[in-house]
Amino acid sequence: MTPVLVIGATGHVGREVVRILKTGGHDVRVMTRDRNGADDLGVAPGEVVEGDLRDRASLPAAVEGIETAYYATPDPEDNIVMLENFLASAKPAGVRHVVRLSARSADINSTDDLARRHGVAEQVLERSGLEWTHIQPSWFMQMMFGYAPGGRMELPGGEGRIGWIDTRDIAELAVKVLTEPGHDGKCYSISGPEALSYGDLARIMSEATGREFVYVDMAPEAYRERQIALGNEAWSVDLRLQLYVNIRAGRYGGLSDGFEKAMGRPATAFAEFAKDCAEDLVRQLDG
Ligand SMILES: NC(=O)c1ccc[n+]([C@@H]2O[C@H](COP(=O)([O-])OP(=O)(O)OC[C@H]3O[C@@H](n4cnc5c(N)ncnc54)[C@H](OP(=O)(O)O)[C@@H]3O)[C@@H](O)[C@H]2O)c1
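About the cut-offs
Residues numbered from 1 in each chain as written. Predicted model: local features only at pLDDT ≥ 70, side-chain atom pairs only at ≥ 80, totals over all residues. Helix = DSSP H or I, 4+ residues; strand = E, 2+ residues; numbered from the N terminus. Rg over C-alpha atoms; globule rule 2.2 N^0.38 Å. Buried ≥ 20, exposed ≤ 12 C-beta atoms within 10 Å, placed from the backbone. Contact = placed C-beta atoms within 7 Å. Domains from an automatic or database assignment. Nonpolar A, V, L, I, M, F, W, Y, C, P; charged D, E, K, R; others polar. Expected span 1.5 Å × (residues − 1). Near = placed C-beta within 6 Å. Core = buried A, V, L, I, M, F, W, Y, C linked by C-beta atoms within 7 Å. Axes fitted to C-alpha atoms, helices over the stretch in contact; angles between N-to-C directions. Parallel < 35°, antiparallel > 145°, perpendicular 65-115°, else oblique. Left-handed = near helix turned anticlockwise from the far one by under 90°. Pairing = 2+ DSSP bridges.

## Regarding the overall build of the chain
Working step 1: Within the chain one finds 12 helices and 11 strands.
Working step 2: A globule of 287 residues ought to have a C-alpha radius of gyration of about 19 Å, and the chain, at 19 Å, matches this closely.
Working step 3: Counting all 287 residues of the chain, 38% fall into the buried class.
Working step 4: Look at the contacts in the chain between residues 6 or more apart in sequence, and 75% of them connect residues 24 or more apart.

## Examining the domain arrangement of the chain
Working step 1: One can read the domain layout of the chain as domain 1 (4–137) and domain 2 (138–165 + 191–254 + 263–287).
Working step 2: Distance from the C-alpha centre of domain 1 to the C-alpha centre of domain 2: 25 Å.
Working step 3: Taken residue by residue, the interface counts nine residues in domain 1 and 10 residues in domain 2.
Working step 4: A breakdown of the residues in the side of domain 1 that touches domain 2 according to their chemical character gives three nonpolar, one polar and five charged.

## A few points about helix α9 (residues 234–248)
Working step 1: Relative to the 21 Å expected for 15 residues at 1.5 Å per residue, α9 spans 21 Å between its end C-alpha atoms, a close match to the ideal helical length.
Working step 2: Of the residues trailing α9, Gly250 is marked for its positive phi of about 75°.

## Notes on the site of the ligand
Working step 1: Surrounding the ligand, one finds 26 residues, the nearest of these being Thr10, Gly11, Thr32, Arg33 and Leu53.
Working step 2: In the shell around the ligand, the residues fall into 14 nonpolar, eight polar and four charged.
Working step 3: A domain-level breakdown of the shell around the ligand finds at least three residues from each of domain 1 (4–137) and domain 2 (138–165 + 191–254 + 263–287).

## Digging into the nonpolar core
Working step 1: In terms of nonpolar packing, the biggest core is built from 70 residues, with Val6, Ile7, Val17, Tyr70, Tyr71, Ala174 and Met205 touching the most fellow members.
Working step 2: Looking at this core, the element that brings in the most residues is helix α6 (residues 167–179), giving seven residues.
Working step 3: Inspection of this core shows a minimum of three residues originating in each of domain 1 (4–137) and domain 2 (138–165 + 191–254 + 263–287).
Working step 4: Those residues in contact with Met205, other than ones at most four positions away along the chain, are Met144, Phe213, Ala274 and Leu281.

## With respect to the packing of helix α3 (residues 79–93) against helix α4 (residues 113–126)
Working step 1: Where α3 contacts α4, the two axes come as close as 10 Å, and the packing angle between them is 15°. Relative to α4, the element α3 lies roughly parallel. For the crossing formed where α3 meets α4, the hand is right-handed. Facing α3, whose interface residues are Asn79, Ile80, Leu83 and Glu84, α4 presents Arg117, Val120, Ala121, Val124 and Leu125.
Working step 2: By residue class, the composition of the contact of α3 with α4 is six nonpolar, one polar and two charged.

## A short note on the sheet that holds strand β3 (residues 48–50)
Working step 1: The seven strands are arranged β3-β2-β1-β4-β5-β6-β9 in an open sheet whose pairing can be described as parallel. For this open sheet the edge positions go to β3 and β9 (186–190), each flanked by a neighbour on one side alone. Between one strand and the next, the sheet's axes are offset by a mean angle of 20°, whatever the strand orientation.
Working step 2: Pairing analysis gives three bridges linking strand β2 (residues 28–32) to β3, with the strands arranged parallel. Pairing of Val30 across the sheet is with Val48, part of β3.

Here it is, written out as structure tokens:
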């Protein structure tokens with residue numbers, strides 16, 4: 001059995017992809033820029049390859065002998081170059097199918113940078129000549145682990161609603177796509193079962209944990225200043241701010257039944273996530 005290559009294995013979804021692949025008895029190869037970061041993934045040292053998508057010379061060792069790859073990265077300005085570097089190594093190595101983590105908003109014509117970049121990346125992959133599958137999730141429930149330091153969720157989201165999805169669900173779908181035939185050329189747009197505002201999230205997290213979470217709607221400019229002061233890079237803060245403008249305007253409230261159709265069960269509800277992950281949520285209250 002050839003291993004499944006996981007790029008972005010130390011990320012929110014990738015680490016769940018690795019966990020589910022290993023639980024299912026599949027062979028895995030993890031690519032990371034620093035093998036020490038893979039210590040908590042539950043993989044053997046021989047299953048880890050160091051590689052950097054910005055360094056083409058580092059990629060042949062990662063793709064050698066691989067047929068199927070999961071691909072996720074953050075969204076810096078050169079993310080298309082990173083994807084092109086990967087594809088340029090993957091194709092001659094005989095990689096057959098790439099499953100890429102995109103976003104529900106992906107749209108090559110969007111004025112929103114993140115949505116446009118995902119749209120462009122999807123097109124680059126589709127034109128690569130390899131088999132492809134796009135996974136387009138809504139926002140991750142697991143972002144809540146760091147959104148409310150001290151219990152205060154201070155974000156510029158207004159009353160906007162989002163169809164939050166559990167990263168464990170995204171990974172379950174990704175593993176199905178990676179390990180079963182029939183997903184070439186498919187695009188899975190997936191959300192959780194309910195559209196919830198940040199106020200709703202704070203209430204549900206409070207109920208699930210017995211601790212107090214509050215949502216404070218923050219002015220976008222004040223949010224930007226704070227994020228920069230915290231040391232976040234300007235490109236990343238500005239990408240997020242564009243998203244918050246859209247959230248405030250209620251543009252991300254739409255739901256999709258793509259997960260239930262693909263997996264034959266409903267996606268995880270936020271209340272269930274909050275109960276399962278109560279300890280992780282509470283950690284940010286205490287320190
Ligand atoms: N957050 C959300 O709510 C949300 C919603 C929808 C879609 N998305 C999309 O999800 C994607 C991010 O996925 P994620 O949150 O699971 O990942 P993540 O937590 O942002 O982790 C990023 C991963 O990318 C890898 N990486 C970064 N730079 C790299 C490089 N130069 N070479 C090789 N690997 C590199 C990192 O690996 P190492 O550090 O180990 O090298 C890490 O595992 C983004 O495209 C985002 O737009 C996010």
